[in-house]
Structure formats: C-alpha cells, structure tokens
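Notes for the structure review
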Amino acid sequence: MIIAIDGPGAAGKGTLARRLAEALDLAYLDTGLLYRTVAAKVLAAGGDPATPEVAEAAARSATFMDLNRPDLREEAVGQGASQVAAIPGVRAALLDLQRRFARQPPEGKRGVVLDGRDIGTVVCPDANVKLFVTASLETRAARRQKELRARGEASIYARVKQEMQERDARDSARATAPLKPASDAVVLDTSEMDADGAFRAAMDIITARTTAPPA
Ligand code: DC
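Read on for an overview of the structure. (Residues numbered from 1 in each chain as written. Predicted model: local features only at pLDDT ≥ 70, side-chain atom pairs only at ≥ 80, totals over all residues. Heavy atoms only, no water.)

1. Re the side chain of Thr 31
What counts, and what does not: Going along the chain from the N terminus, every DSSP run of H or I of four or more residues is numbered as a helix, and every run of E of two or more is numbered as a strand. Here a polar contact means two N or O atoms within 3.5 Å. Within protein one must be a hydrogen donor candidate and the other an acceptor candidate, and residues neighboring in sequence count only if both atoms are side-chain atoms. What makes two residues a contact is simply this: any of their non-hydrogen atoms within 4.5 Å.
Looking at the element boundaries, Thr 31 is found in the loop between strand S2 (27-30) and helix H2 (32-44). In this structure the side chain of Thr 31 is engaged in a polar contact, spanning 2.6 Å, whose partner is the backbone oxygen of Asp 115. Residues contacting Thr 31, with those up to four places away along its chain left out, are Gln 98, Leu 114, Asp 115, Gly 116 and Ile 119.

Structure (structure tokens):
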C-alpha cells in the first residue's frame, strides 16, 4: 500500500501524512527532509546550495541517518532545499533512497505514506492513493508564521508570505519533477479545514479509493 501526498509548503501535508501513517499502521517518510539534509550539508561546509557539483556530492552521501540532524527545520535550510531540489543530479541521487523506502518499508510495515512534491508524479507513479494537499498562499503563510513563532523564531508575516511565494515559484517552475498534481490525484484544499477536518476528508478519499465496489 503506497499513499502519495504532494503539495506546496505549509499546506498541512506533514501533519496529515503522519496521522494517516499512524491510523493505517504504515511507515512514514517526509521526503522534504532529504532535500533539507542535502542543503544542510552544503551550508554546514560553507558551500552554495545552488552549485550542482557540491549539492550532488552531498546528495550522493545522504542516508536516512541524516534525517535526525537538528538543523533541518531552519528557514535557511528550507530555502537551500528548494535550490538543491532544482538540480537534476540531486533529484536522481535521492530518487533511489525514496523508492527503496517505498518498496521495502521499515519495521515490517505493510506499506508507506510518502509526502513531498513529486511522489505521485515521479517517485511512486503507481501509488494506490494520491492526494494533492493545498491551501491559499495567505493561509499557508499564516500557518508557517505560527510554526516559526512556536519555535521562538521572530518573523514578519509579509516576509514569510514573500519567501513562500518565491519557494512555490521555484518548486513549480523547475524543469525536473516540478510541483504539480498527478493526473489521477485527488486535490484536497485545506484552507477552510483544521487538522482533524483534513484527516477525516483524507480518510474518506483513501477508503473510497481502496475499497473495491460491490460486484
Ligand atoms: O516540504 P519541505 O518544505 O520540507 O521541502 C523542502 C524543499 O524540498 C521544497 O522547497 C521542495 C523540495 N522538495 C522536492 O523538490 N521534492 C520533494 N519530494 C520534497 C521536497
């Protein structure tokens, strides 16, 4: 069982994916953390995340152990992740790790929930269920700002919104695996939903897609 969840930042994918994995007893992978790992490695070495050779070398050395780095959620790392994510060699190096996780879920689980930008389109085109989780730019910027404040990081709404818009543009415009719904994805707009509402809506979609109609 593979559930693919794609969408822009702060649309609620991560919270939703984690809850679905728990409810359905599936393994969970936040694939954005892989791109964040690559950016964090480059930044920690004083490099520029937009330089292909440097970013590709970091991607080739990435392992699941790196996902425990404490700096992955920093804003600078998020921006760097969006830059390394536009480099085809970085995406190719990370593709293998993601597909291996989907094919052989850890801890003997019977399947996976993967969240990211290109899971339904590129990483797992044969996923059983594909959700494209989105929300208005204003809603997402407000959610991101709340997250930052909760972590004690000072932030200005207008700036958060602008950075989010820049990241959306970069993720959607890149030539390799751009952010877009798969043709067979169900779009879930969470602008007017809280986490519980999004979870219920997603469970309904999954149930409908994985339950065979009566003969
Ligand atoms: O979801 P996130 O903010 O942690 O992702 C960080 C960046 O990584 C995001 O700007 C785009 C990129 N990304 C990607 O290109 N493909 C994925 N499957 C996941 C993330």
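2. Thoughts on the pattern of salt bridges
Stated precisely, the cut-off is as follows: Any Lys or Arg side-chain nitrogen found within 4 Å of a carboxyl oxygen on Asp or Glu counts as a salt bridge. Remark: exposure states derive from per-residue accessible area (1.4 Å probe, protein chains only) relative to the maximum for the residue type, with buried under 20%, exposed over 50%, and partly exposed in between.
Scanning the entire structure with this criterion turns up 17 salt bridges. Measuring nitrogen to oxygen at the nearest pair gives 3.4 Å for the salt bridge that ties Lys 41 to Asp 66. In this pair, Lys 41 is assigned in helix H2 and Asp 66 in the loop between helix H3 (52-60) and helix H4 (75-84), connecting sequence segments 25 residues apart. Given a relative accessible area of 15%, Asp 66 falls into the buried group. Of the charged contacts, one joins Arg 140 and Asp 168 as a salt bridge, the two residues approaching to 2.6 Å between their closest N and O atoms. Here Arg 140, found in helix H7 (residues 137-150), pairs with Asp 168, found in helix H8 (residues 157-173); they are 28 residues apart in sequence, far enough to count as distant. Assigned by exposure class, Arg 140 and Asp 168 land together as buried.

3. Quick look at the pairing of strand S5 (residues 186-189)
Keep this limit in mind: Being paired, for any two strands, means DSSP has found at least two bridges between them.
Side chains of S5 alternate between two faces, with Val 186 and Leu 188 buried and Val 187 and Asp 189 left unburied. Bridge analysis of strand S4 (residues 129-134) against S5 gives four bridges, and the strand direction is parallel. Bridge pairing links Val 133 to Leu 188 in S5.

4. As for the packing of H2 against H4
Note the cut-off: Here an axis means a line fitted to C-alpha atoms, over the contact stretch when the element is a helix, while the angle between two N-to-C directions is reported on a 0 to 180 degree scale. The scheme is simple: roughly parallel for angles under 35 degrees, roughly antiparallel for over 145, roughly perpendicular for 65 to 115, oblique for anything else.
Here H2 crosses H4 at 105°, and the two axes come no closer than 8 Å. As the angle between them shows, H2 and H4 are arranged roughly perpendicular. Two secondary-structure elements touch here, H2 through Tyr 35, Arg 36, Val 38, Ala 39, Ala 40 and Leu 43 and H4 through Ala 76, Val 77, Gly 78, Gly 80, Ala 81 and Val 84.

5. Quick notes on the side chain of Thr 134
Position of Thr 134 relative to the elements: it lies in strand S4. Once residues within four sequence positions are removed from consideration, Thr 134 is found in contact with Pro 8, Ala 11, Val 187, Leu 188, Asp 189, Thr 190 and Ser 191.

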